[in-house]
Each structure stands twice: as structure tokens, then as C-alpha cells.
Amino acid sequence: MVLWKFIRSKQLGCKFRRQYIIDQYIVDFVCLEKQLIIEIDGKYHATGEQQELDRVRENRLISLGYKVIRFTNEEVTNNIEQVIESIKNHLI
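All values derive from a computational prediction rather than experimental measurement. (Residues numbered from 1 in each chain as written. Predicted model: local features only at pLDDT ≥ 70, side-chain atom pairs only at ≥ 80, totals over all residues. Heavy atoms only, no water.)

## Some thoughts on the pairing of strand β3 (residues 36-41)
Successive residues of a regular strand alternate their side chains across the two faces of the sheet.
Working step 1: Buried residues dominate β3, accounting for 6 of its 6 residues.
Working step 2: Burial of the side chains of β3 extends over both faces: L36, I38 and I40 are buried on one face and I37, E39 and D41 on the other.
Working step 3: Across 3 bridges, strand β2 (residues 25-31) lies against β3 in antiparallel orientation. Counterpart to V30 in the pairing with β3 is I37. (Buried < 20%, exposed > 50% of the residue type's maximum accessible area, 1.4 Å probe, protein only. Helix = DSSP H or I, 4+ residues; strand = E, 2+ residues; numbered from the N terminus. Pairing = 2+ DSSP bridges.)

Okay, structure coming up:
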């Protein structure tokens, strides 16, 4: 995954894990130290049914103390600099 090469090995000052299990979910990326979850959404996340499932999932993760930020595949592919900057801002 494109994003992984920018956030692995504490490149942003914090350790990220990928495909990490939290409760009953597997999140794309998480920084446990900052309790920050990064989700990368493909096109199927645009469907109404999937959006509802994502909302339930996100609410559960928030209830466990995590902050969840989401990016689309297109954002990661076409504008990785802005994605990285957004992640950095959430780590402060």
C-alpha cells in the first residue's frame, strides 16, 4: 500500500501498525500511542449499506477511545502529500 511506505518505521515520529485487530475489527493502520486509526476507503464504501456499516464500526472504535480518520484510495494515490500532512496534524 502506498501510504504504508510513508508512515512505517516511525517516519512520522510514532509507530504505526497495519492490518491490526481492535475489538472485532481489523483496521488499516493504527498508532496505538496516539490512539489514531487511519482507514483507506475504496469505492465500495460509497454505497449506502457500506456507509452504515462504516458508521457503526467507527462509533464502536471511538467508544474504545480511538480517533478515526478516513481517506479515499484516490486521495492516497493522487495527493499523498496532503494525506501525510493531515495525518501529522492529527498526531499533534
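Once you've had a look at it, read on.
## Some details on the pattern of salt bridges
Working step 1: Within this structure, the stated rule accounts for 6 salt bridges.
Working step 2: Put simply, D54 and R70 hold a salt bridge, and the shortest N to O gap is 3.5 Å. With D54 in helix α2 (residues 48-63) and R70 in strand β4 (residues 67-72), the pair connects residues that are 16 residues apart, well separated along the chain.
Working step 3: A relative accessible area of 9% places D54 in the buried class.
Working step 4: If you follow the salt bridges from partner to partner, you end up with D41, D54, E58 and R70 in one network. (Salt bridge = Lys/Arg side-chain N within 4 Å of Asp/Glu carboxyl O.)

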